[in-house]
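A structural walkthrough
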Amino acid sequence: MNWSKYSAPLAFYPLAGRMIPWFGTVAALAIAVGLYIGLLVAPTDFQQGEAYRIIFVHVPAAWMSMFLYVVMAVWAAVGLGLNARLSFMMTQAIAPTGAMFTFLALLTGAMWGKPTWGAWWVWDARLTSELILLFQYAGVMLLRTSIDDQRRADRASGVCALVGVVNIPIIYFSVQWWNTLHQGASVSMTAAPKMATIMLTGMLLMTFGFWMYSLAVILSRARCVILERESLQLWSKPSSVPEVAGVR
Amino acid sequence: MSQPGLWETLRGIIWRDLLLAIRRRSDVAISVLFLVIVASLFPLGVGPEPAVLRTIAAGVLWVAALLACLLSLGRVFTADYLDGVLEQMLLIAQPLPVLVAGKVFAHWVVSGLPVVLLSPLLGLQFGLEGEALGMLVLSLLLGTPTLSMIGSIGAALVLGVRGSGLLVALLVLPLYVPVLIFGAGAVTSSMAGIGGEANLSLLGACLVLSVFFAPWATASALRIALE
Amino acid sequence: MLQTVSLSCRRGDRRLFSNVNVMVQPGTVLAVVGENGSGKTSFLRMLCNLLAPEEGAVLWHGVDIRRLKEQYCAQLTYIGHLNGIKDDLTATENLLLTAALTGDRPSDASVRDALEAVGLKHRIHHLPTRVLSQGQKRRVALARLWLSTHPLWLLDEPFTSLDQAATALVTERLRSHLQGGGLAVVVTHHEVALPSEMVQRLRLDG
């Protein structure tokens, strides 16, 4: 199979369309089983009670938010280096999903914090870094929408994503440093030190499910982006229209 | 044809920007005045309690300095972009990142250095003294160039974009977080008697990193902006 | 020798021009004409390496300018539709500083001569350019041509807001540059009043 063929947006379009249902189905299954394990099978934590079960959403969401930022930056680097349009389309498609997971992680973090720490928001190192990550996602997306010229929007937000990815570890480290400096609120967000196998299984299943979900959503968003941007080519080549616009 | 050395070109760029700043002194005065006003507002809001002021001094002064730097970012490239000097700079036969570094240095001299020089006065307003005051100046001296370096990336990215003033704040402020933490941390820990040296070295590390990497990012952002 | 190989440009959804192949020999000027929005300025910016071509390449003595980078910049003098002069500096300062950055090292006397050659009287050499008229500012920008020692000139609408006398002066300077073995690309709505063997025309449309 010649993979380079699919780097052209118009060839990628139908391929993505065929893959989306698969990823979607796997995501639904994995998340369903993961939630079942997390909410019903996993034992109640002797310290935190039932409230701890939110980490089955919180931790995978936080992992995905960071993972997706790195993936986005990699696509941006590929796009800037090889001047490939599809890479920038992927960058554009990933950002909202990444921001969504960041927001989800913050929200579940706050929901977990209320019963556990007695406050909706604690300046925990991880939560704070996650908040800054959300700002960075917002910056990348807003920079793209503020620039009218498509090519410039792609490349500028790509540079922005890359600069951000260099900063994530520095920010994380500095926030942790700041946290140790200001003792008091430094309750760690990590779950029980010895995680039971069943809990780990649930968490990994949820992560896998989120990952598959991201793939499905990102691919379908990428398809929208392709339709939006390549409309000119689509209409100029009538032969490709039925396949592309056909209902699946 | 005589090729000027890199050094000579760099000096030319810095000199031109300094000359322009001397011709337009009011621009410099505005950001300094801004810093003073912001710093003076806090006691009015928080109350004149010396103990309270001393505890928030490091954070408030650092945030004020950060905002003053942010406010002046629009001046790094915008005027040059509008009158065509920037595109001439891209056509100079020297590596662009080095020229950018020169420009950012000139910008720091005009907007960052006044902040550093003014900080002891503001520190006194907040009841800082002795070692903590010195630490404030030192941390700003190491930190503000980093702010200018990182800020130049944002300034280049939003060149000619509508609503660029607010956008640049959104892009740049998250990246300022480490500098703020280490800078304010240096002052706080010296006040707490544990010495701010560790924070200062981290600030220095940030400065070195940003001097090495930011000009590259800024240069590529400028090329993108001028396409 | 400057050459373009199947140069194409797309701005947004619009294809401005495609497959442009021209060759500019020393001693000649390429006059680029075309309607507004036909991509003349984009073409010139591609020749400067400010804009990356969608397809094709620009060759300087047979080498792609994207590989030459700074070496290529050392060969060219570009005057865009923006003047590239600072309003707060005087005409003399502008010329001295710009020239110092681009590799020419003119004396004060040669700067004065350049400004006089482009028809600016001595008394305005030391005024901030912000008080000058549009035409006078354009003359300050074009005075760089009298100081330039670079073989390739790329000029974007050099005659805009110039009066007839100044147009003649600039054309004359262009002629002496070409006679000295230089080459130039000029984007213009005006006729370039030079002998036809010196001028090659390129029309950009669609």
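Structure report, in brief. All of these numbers come straight from a predicted model, not from anything done at the bench. (Residues numbered from 1 in each chain as written. Chains lettered and ligands numbered in written order. Predicted model: local features only at pLDDT ≥ 70, side-chain atom pairs only at ≥ 80, totals over all residues. Heavy atoms only, no water.)

Examining the sheet that holds strand 5 (residues 63-64) of chain C
All names here are of chain C. We count it as follows: Note on pairing: DSSP must find at least two bridges between two strands before they are called paired. Each helix is a run of DSSP H or I of at least 4 residues and each strand a run of E of at least 2, with the numbering of both proceeding from the N terminus. What makes two residues a contact is simply this: any of their non-hydrogen atoms within 4.5 Å. Fitted lines through C-alpha atoms give the axes, limited to the stretch in contact for helices. The angle between two N-to-C directions lies from 0 to 180 degrees.
Sheet architecture is open: four strands sit in the order 2-1-4-5, paired in antiparallel fashion. Strands at the two margins of the open sheet, each flanked by one partner only, are strand 2 (14-24) and strand 5. Note: strand 1 (residues 2-11) against strand 4 (residues 55-60), five bridges, orientation antiparallel. Residue pairing across strands places Thr 4 opposite Val 58, the latter belonging to strand 4. Strand contacts of helix 1 (residues 40-47): strand 1, strand 2 and strand 4, with the helix running at about 130° to strand 1, the strand carrying the most contacts.

Section: the interface of chain A and chain B
Counted only if it meets this: Summed over both partners, the accessible area lost on bringing two parts together, with a 1.4 Å probe, is the buried area. For salt bridges, the criterion is a side-chain nitrogen of Lys or Arg within 4 Å of an Asp or Glu carboxyl oxygen. Pairs of N or O atoms within 3.5 Å make up the polar contacts considered here, provided that, within protein, one atom can donate a hydrogen while the other can accept it, and that residues adjacent in sequence are counted only when both atoms are side-chain atoms.
Taken together, the contacts link 29 residues of chain A with 26 residues of chain B. Summed over both partners, the interface of chain A with chain B buries about 2300 Å², with 75% contributed by carbon and sulfur atoms. At the surface where chain A touches chain B, the tally comes to two salt bridges. The shortest N-O distance in the salt bridge between Asp 148 of chain A and Arg 162 of chain B comes to 2.5 Å. Connecting chain A to chain B are five residue pairs in polar contact (both at pLDDT 80 or more). Broken down by secondary-structure element, the contributors of at least two residues to the side of chain A that touches chain B are helix 4 (125-146) and helix 5 (150-181) of chain A. It is helix 5 of chain A that contributes the most residues to the side of chain A that touches chain B, 16 residues altogether.

Remarks on the interface of chain C and chain B
In many analyses, interface size is given as the accessible surface area lost on bringing the parts together. This is how the line gets drawn: Amino acids are sorted into nonpolar (Ala, Val, Leu, Ile, Met, Phe, Trp, Tyr, Cys and Pro), charged (Asp, Glu, Lys and Arg) and polar (every other residue, Gly among them).
Each partner contributes to the interface: chain C provides 30 residues, whereas chain B provides 32 residues. Of all residues in chain C, Lys 86, Asp 88 and Leu 101 of chain C bury the most surface against chain B, accounting for 24% of the area lost on that side. On inspection of chain C and its partner chain B, the count reaches five salt bridges. For Lys 86 of chain C, the salt bridge is made with Asp 80 of chain B, and the minimal N-O distance between the two is 2.4 Å. Applying the counting rule to chain C against chain B returns 11 residue pairs in polar contact (both at pLDDT 80 or more). Residue contributions to the side of chain C that touches chain B peak at four residues, all from helix 4 (residues 91-102) of chain C. Residue classes in the side of chain C that touches chain B are distributed as 15 nonpolar, seven polar and eight charged.

Let's talk about the side chain of Asp 83 of chain B
Heads up, the condition is: Partly exposed residues are those whose accessible area sits between 20% and 50% of the maximum for their type, while under 20% is buried and over 50% is exposed, using a 1.4 Å probe and protein chains only.
Locating Asp 83 of chain B in the fold gives a position in helix 4 (residues 74-83). Given the relative accessible area of 19%, Asp 83 of chain B is considered buried. Those residues in contact with Asp 83 of chain B that sit more than four places away from it in its chain are Leu 82, Asn 83, Gly 84, Ile 85 and Lys 86 of chain C.

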